[in-house]
Amino acid sequence: MDSPGMARSKHVRSEKRKEFFMLLKQPGLLFAIIAVLAILIIFCIYPIVRLFLSCLTDKNGQIDLSNINYVFTKTDFFQAFWNSVKLGLFVGLMAAIVGYIYAFAITRTALPGKKFFNVMAILPILSPPFVISLAVMLLFGRSGLITKTLLHIRGNNIYGFTWLAIVQILSLFPLAYLNLKGMLETLDSSVENASRTLGASRLKVFLTVTLPLSLPGFLSSFLIVFAKSLCDFGNPQVLAGNYNVLSVSAYLQIVGLFDLKTGSFIALSILLPCMLAYLIQNYWVSKRSFVTVTGKATGTVELIREKKIVIPLFIIVLLLTLFTILLYGTVVYVSFVKTWGVNWSLTLDSYQFIFKRGARAIKDTLFLSAIATPASALLGMLIAFLMVRKSFFGKRLMAIASIIPFAVPGIALGIGYVVSFNTRPILLTGTAAIIVIAMVFRTLSIGVETGSNSLRQVDPNIEEAAIILGAGNAKTFFSISLPIMKSALFSGLLNSFIRSMTSVSAVIFLVSVNWNLLTVSILSEIESNRLGAASAYCVVLMVMVVIAVGVLEAIVNGLFARRRRSYE
Amino acid sequence: MNKEAVGVEIRDLVKTFPAFDNKKQEIYAANHVTLSVKPGELVTLLGPSGCGKTSLLRMVAGFLMPSSGEIYIGNQEVSKIPPNKRNVGMMFQSYALFPHMTVFDNVAYGLKLKHMSKQEIKEQVKSILQLMQIEDYASRFPNEISGGQQQRVALARAVVTAPSVLLFDEPLSNLDAKLREYMREELRKIQKRVGITSLYVTHDQSEAMAISDQVIIMQSGTIEQTGTAMEIYARPKNKFVAGFIGKANFVKPDAIHSISGGKADITLFGKRLTVAASELCRAGEPCVCMIRPEDIKIAPEGMFGARIVSKAYFGQYIQHFMEIGGQEIEQMDFTQTNAALQDGDEISVNFVIDSLRLLPGDDSREI
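Definitions and cut-offs
Residues numbered from 1 in each chain as written. Chains lettered and ligands numbered in written order. Predicted model: local features only at pLDDT ≥ 70, side-chain atom pairs only at ≥ 80, totals over all residues. Helix = DSSP H or I, 4+ residues; strand = E, 2+ residues; numbered from the N terminus. Buried ≥ 20, exposed ≤ 12 C-beta atoms within 10 Å, placed from the backbone. Contact = placed C-beta atoms within 7 Å. Rg over C-alpha atoms; globule rule 2.2 N^0.38 Å. Pairing = 2+ DSSP bridges. Axes fitted to C-alpha atoms, helices over the stretch in contact; angles between N-to-C directions. Domains from an automatic or database assignment. Nonpolar A, V, L, I, M, F, W, Y, C, P; charged D, E, K, R; others polar. Parallel < 35°, antiparallel > 145°, perpendicular 65-115°, else oblique. Left-handed = near helix turned anticlockwise from the far one by under 90°. Core = buried A, V, L, I, M, F, W, Y, C linked by C-beta atoms within 7 Å. Expected span 1.5 Å × (residues − 1). Bend = angle between axes of the 7 residues up to and from the residue.

1. Remarks on the overall build of chain B
Scanning chain B for helices and strands turns up eight helices and 21 strands. When its C-alpha atoms are laid out on the principal axes, chain B stretches across 75 × 50 × 40 Å. Burial status across chain B gives 43% buried among its 367 residues. Counted over contacts in chain B with a minimum sequence separation of 6, partners at least 24 positions apart contribute 66%.

2. Here we look at the overall build of chain A
The secondary structure content of chain A amounts to 24 helices and two strands. Over its C-alpha trace chain A gives a radius of gyration of 26 Å, about what one expects of a compact globule, namely 24 Å for 568 residues. Taken along the three principal axes of its C-alpha coordinates, chain A extends 90 × 75 × 65 Å.

3. A short note on the sheet that holds strand β10 (residues 222–227) of chain B
Residue and element names in this part refer to chain B. Pairing is mixed in the open sheet, where six strands are placed in the order β6-β7-β8-β3-β9-β10. Of all strands in the sheet, those bounded by a partner on one side alone are β6 (88–91) and β10. Averaged over all pairs of adjacent strands, the angle between strand axes in this sheet comes to 20°, irrespective of strand direction.

4. Notes on the sheet that holds strand β12 (residues 255–260) of chain B
All names here are of chain B. The mixed open sheet is built from six strands, whose spatial order is β11-β15-β21-β14-β13-β12. In the strand order of this sheet, the two ends are held by β11 (249–251) and β12, each with one partner. Taking each pair of neighbouring strands and ignoring which way they run, the sheet shows an average axis angle of 40°. Two strands pair when backbone bridges link them, and β11 and strand β15 (residues 287–291) are joined in this way by three bridges, in the antiparallel orientation. Its bridge partner being in β15, F250 is matched across the sheet by M290.

5. Comments concerning the interface of chain B and chain A
By a widely used convention, the size of an interface equals the accessible area lost when the partners come together. Tallying the contact residues gives 34 residues for chain B and 33 residues for chain A. For the side of chain B that touches chain A, the elements supplying multiple residues, two or more each, are β1 (8–18), β6 and α2 (103–113) of chain B. Sorting elements by how many residues they give to the side of chain B that touches chain A places α2 of chain B first, with four residues.

6. Describing the domain arrangement of chain A
Residue and element names in this part refer to chain A. In terms of domains, chain A is made up of domain 1 (21–64 + 356–559) and domain 2 (76–334). For domain 1 versus domain 2, the distance between C-alpha centres works out to 25 Å. In this assembly, 30 residues from domain 1 lie in contact with 32 residues from domain 2. For the side of domain 1 that touches domain 2, the secondary structure elements donating two or more residues are α2 (27–56), α18 (410–420), α22 (486–502), α23 (518–527) and α24 (531–559).

7. Re the environment of V440 of chain A
Residue and element names in this part refer to chain A. Relative to the helices and strands, V440 is located in helix α19 (residues 432–456). The sequence separation of V440 and M381 amounts to 59 residues, and the corresponding C-alpha distance is 13 Å. Beyond its immediate chain neighbours, meaning those up to four positions away, V440 contacts A372, A375, S376 and L379.

8. A closer look at the domain arrangement of chain B
Residues and elements named next belong to chain B. If you check the domain split of chain B, you get domain 1 (8–239) and domain 2 (247–360). Centre-to-centre, using C-alpha coordinates, domain 1 lies 38 Å away from domain 2. Facing the five residues of domain 1 at the interface are seven residues of domain 2. Here the residues of the side of domain 1 that touches domain 2 sort into one nonpolar, one polar and three charged.

9. So, the packing of helix α4 (residues 77–108) of chain A against helix α10 (residues 202–231) of chain A
Residue and element names in this part refer to chain A. Running from N to C, α4 and α10 point in directions that differ by 135°, and their axes come no closer than 7 Å. In terms of orientation, α4 lies oblique with respect to α10. Our pair here, α4 against α10, has a crossing hand that is right-handed. Two secondary-structure elements touch here, α4 through S84, L87, G88, L89, V91, G92, L93, A95, A96, G99 and Y100 and α10 through F218, S221, F222, V225, F226, S229 and L230. For the contact of α4 with α10, the per-class residue count stands at twelve nonpolar, six polar and no charged.

10. A closer look at the pairing of β6 of chain B
Residue and element names in this part refer to chain B. Side chains V88 and M90 project from β6 onto one buried face, and the interleaved G89 and M91 project onto a second face that is buried too. Where β6 meets strand β7 (residues 165–169), four bridges bridge the pair, whose relative direction is parallel. The residue bridging G89 from the neighbouring strand is L166, located in β7.

11. Some thoughts on the nonpolar core
Membership of the largest hydrophobic core comes to 268 residues, with the highest contact counts inside it found for L134 and A438 of chain A. Among residues more than four places away in sequence, those in contact with L134 of chain A are V331, I526, L531, A534, S535 and C538 of chain A.

12. Things to note about unusual backbone geometry
Residues and elements named next belong to chain B. If you check the backbone angles, A162 has positive phi at about 55° while not being a glycine. Looking at the secondary structure, you find A162 in the loop between α4 (147–159) and β7. Among the residues examined, A162 registers 16 C-beta atoms within 10 Å and is labelled partly exposed. Backbone geometry at F269 places phi at a positive 50°, although glycine is not the residue there.

13. Comments concerning the pairing of strand β20 (residues 346–351) of chain B
Residues and elements named next belong to chain B. Where strand β16 (residues 296–298) lies against β20, three bridges are found, and the strand directions are antiparallel. Bridge pairing links I298 to V349 in β20. In this structure, strand β17 (residues 304–313) lies alongside β20, joined through four bridges in antiparallel fashion. Within β20, the residue paired with R307 across the bridge is E346.

14. As for α2 of chain A
Residues lying three or four places apart along an α-helix face the same way, a consequence of the helix completing one turn every 3.6 residues. All names here are of chain A. Across its 30 residues, α2 extends 41 Å between first and last C-alpha, which sits within 8% of the 44 Å expected from 1.5 Å per residue. By the largest-angle criterion, Y46 marks the main kink of α2, which is about 40°, and a proline, P47, follows within four residues. All buried positions along α2 are accounted for by L29, A32, I33, L40, F43, C44, P47, I48, L51, S54 and C55.

15. What about the environment of P39 of chain B?
Residues and elements named next belong to chain B. By the secondary structure assignment, P39 is in the loop between β2 (26–37) and β3 (42–46). Given 15 C-beta atoms within 10 Å, P39 falls into the partly exposed group. Once the C-alpha coordinates of P39 and E4 are considered, the two residues, 35 residues apart in sequence, prove to be 8.5 Å apart. In this structure P39 touches A5, V6, G7 and T197, once residues within four positions along its chain are discounted.

16. Details of the packing of α23 of chain A against α24 of chain A
A pair of packed helices can be characterised by two numbers: the angle between their axes and the separation between those axes. Residues and elements named next belong to chain A. Viewed as axis vectors pointing N to C, α23 and α24 meet at an angle of 160°, and their least axial separation amounts to 8 Å. By the angle class used here, α23 and α24 are roughly antiparallel. Taken as a pair, α23 and α24 cross one another with a handedness that is left-handed. The segment α23 lies against α24, with L518, S521, I522, E525 and I526 engaging L531, A533, A534, Y537, C538 and L541. Grouping the amino acids of the contact of α23 with α24 by side-chain chemistry returns nine nonpolar, one polar and one charged.

17. Structural notes on the environment of A234 of chain B
Along the chain, A234 of chain B turns up in helix α7 (residues 229–234). Of the residues examined, A234 of chain B has 16 C-beta atoms within 10 Å and is grouped as partly exposed.

Structural data, given as structure tokens:
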């Protein structure tokens with residue numbers, strides 16, 4: 001007689017075998033799975049593996065650790081590492097606190113102007129990464145409006161930890177805010193109400209119920225921002241000055257000293273704390289979450305109306321928002337001013353300048369993003385469909401591979417692409433293709449994530465109904481799943497478009513004489529101290545993003561409009 | 001819709017799932033299940049949730065891979081054929097209508113996949129919508145029609161492609177009680193008219209009894225009993241079946257003198273009786289006597305003395321809990337003549353002896 005264990009393995013094996021046969025009878029599905037796995041391996045895993053290998057081997061492929069020895073002894077690697085981590089910890093903590101205050105004020109109190117504050121908080125996510133850096137330079141820098149013109153401070157030094165941290169907090173707290181807002185909204189408010197009915201004061205409820213329950217959300221926000229701060233390249237490149245951080249030092253090793261090996265190693269070293277944060281976030285914090293989604297409508301939140309709580313929160317949120325408006329307004333204003341800090345007359349000079357010099361970059365950015373965006377979103381939806389609805393070999397590999405380019409620092413991905421695709425058989429450096437591919441895979445996991453989430457909420461019976469009526473996998477995907485995932489598709493498209501348009505670190509090594517990008521142009525304008533032109537570029541970029549939102553919405557709605565006909 | 005109906009046969013089907021707590025252990029969703037559905041018949045799989053009935057249905061549909069065993073639709077073994085090539089129709093508990101398509105397009109979906117001409121599709125969809133009495137809603141979207149209408153659309157969509165087998169996965173459980181009763185009559189009428197072989201999953205025993213040619217009672221992946229509703233109600237094989245279809249009291253006899261040929265000679269509450277016995281009863285093993293609540297009649301000169309413990313009024317009948325021979329027993333009184341009885345009253349009762357049945361097991365309440 002079989003032991004239970006043996007019986008099980010026998011059953012599992014026979015099921016697996018049948019599943020495999022079933023797959024063979026669906027060549028389309030099989031092909032899709034193999035094709036997706038193949039391209040994920042080539043463009044998500046291989047570059048990072050190559051990056052590792054290139055640090056550890058010499059020209060002949062022998063293991064060679066002298067490079068690491070060189071990095072440890074001859075560069076200020078440890079200083080940069082410590083600086084990066086210190087910055088990340090501080091920014092993570094502050095952004096999580098600010099995000100929490102913001103999220104609490106919006107979800108739990110009767111704050112006036114919630115919608116407005118909500119939009120303003122998300123703005124930094126939608127804009128190019130160094131708009132805030134640029135604005136800080138314009139307002140508080142050596143010839144800044146506030147520091148020089150208003151306060152008559154000469155030569156104010158904004159380069160270094162303090163302002164870099166402020167800028168990163170401002171640009172990254174929205175991530176913490178969105179995360180915490182989602183968490184506070186789903187946190188069953190009836191436990192808070194229960195605590196109130198037991199006679200607890202507001203403060204007591206907050207300290208003994210709300211805060212402990214939202215601690216996992218706080219921690220995960222901290223970790224997300226920590227990782228983002230570590231991977232950030234644009235802001236440190238502009239503002240770090242002598243405060244040496246890893247991403248900038250990797251960039252300088254490659255661009256300044258043409259030392260690809262050292263640069264690769266430094267870029268890879270960012271990976272370690274990033275991955276650590278990611279793992280803690282995914283496997284430890286998320287398991288401690290108290291968020292309960294039951295599908296049952298829980299009691300509505302009893303909003304806090306006490307003036308002594310609402311007014312201070314309102315003032316904090318308002319100040320923060322006003323500061324954001326000031327920063328963005330400055331950039332817009334500067335783009336119309338003749339010479340910032342010297343000649344304040346309004347002109348379109350900056351725009352004339354960038355449309356003459358940067359027309360190529362604008363066109364290229366738009367063109368490349370326009371190719372990358374639908375490719376990324378569609379591939380994302382396809383992967384989501386396969387992972388949520390199908391069972392097949394290599395599913396785990398697919399999940400991990402699709403998230404790698406998003407999770408690794410952009411600078412590591414960029415260098416990985418350079419070392420991987422600069423020789424045959426896949427010679428891509430210098431082409432438009434490599435930029436598009438980098439954009440596609442850098443933004444892929446957004447599509448996968450939104451797609452999977454929306455698909456999980458759709459009754460799988462709906463797709464089964466199509467299958468049982470005779471629809472194959474492709475037919476089901478295109479006629480049923482994709483139209484149902486419409487809103488996920490839209491947000492996937494939008495997100496990947498914005499990311500493609502605004503990415504810096506992943507593509508900075510991939511641009512070439514033939515193909516240039518807006519963000520890289522902005523960076524070089526900032527470095528050449530042509531801040532008016534940089535501002536004008538930023539404004540153009542933001543306007544293009546806003547237009548894209550409208551266009552994408554129209555396209556998606558048009559493609560999948562519910563069609564009502566008369567059948568007579 | 002006028003194709004020759006084919007049967008379904010399931011032979012020695014096994015499906016296991018790994019248990020969550022112990023990886024060595026496994027749960028059987030189907031434990032060597034064998035059954036057959038004759039052409040044109042409607043067979044119900046009835047059982048408590050988790051008994052494996054839906055898994056069985058999904059294996060016939062092809063959404064779930066059997067661990068071993070064979071499934072025949074007509075003469076074809078289908079367990080290696082993907083679901084979209086099996087030519088079965090299915091009605092889902094949630095209806096699973098395509099939310100982005102009109103009623104017409106929902107129903108036409110399967111026909112379009114068969115590459116029919118537009119004109120043909122239009123005619124077929126129209127005629128099925130007429131049959132279902134929903135032709136007025138052709139251009140509405142699923143969220144613009146009522147639950148009962150959605151139900152009809154789902155049925156129309158499932159039968160319009162003339163599948164060889166129709167599978168029902170608790171299709172009525174989302175409807176309110178009144179509509180459910182009405183729809184099950186409708187469903188049965190249409191199934192008979194279309195003459196399609198059907199496998200129907202439900203956990204509602206009255207639904208199963210109302211519509212099926214055959215009922216299959218399942219528990220823990222195993223078929224407990226197969227038969228018509230009447231056979232199963234009158235002659236359950238074991239306590240589980242007796243308790244699942246209808247209500248039953250299980251009373252331990254004072255003595256079992258002999259069991260043979262489907263009859264048993266027992267002493268019950270001090271009276272010697274000959275009652276029917278399940279073929280699973282063995283002499284020397286513990287057995288209980290099943291007494292249906294409606295088979296207990298209150299009578300002035302009854303064989304058994306009883307005392308009323310409690311009562312409840314249900315309109316059609318009065319439910320009495322009474323104590324007979326130290327055991328508490330439920331009785332349903334449909335006569336309305338004993339309404340004046342009070343708790344604690346001493347009465348006497350008769351049993352409908354022909355309906356008593358000896359079943360294997362002890363008199364513990366769990367079944």
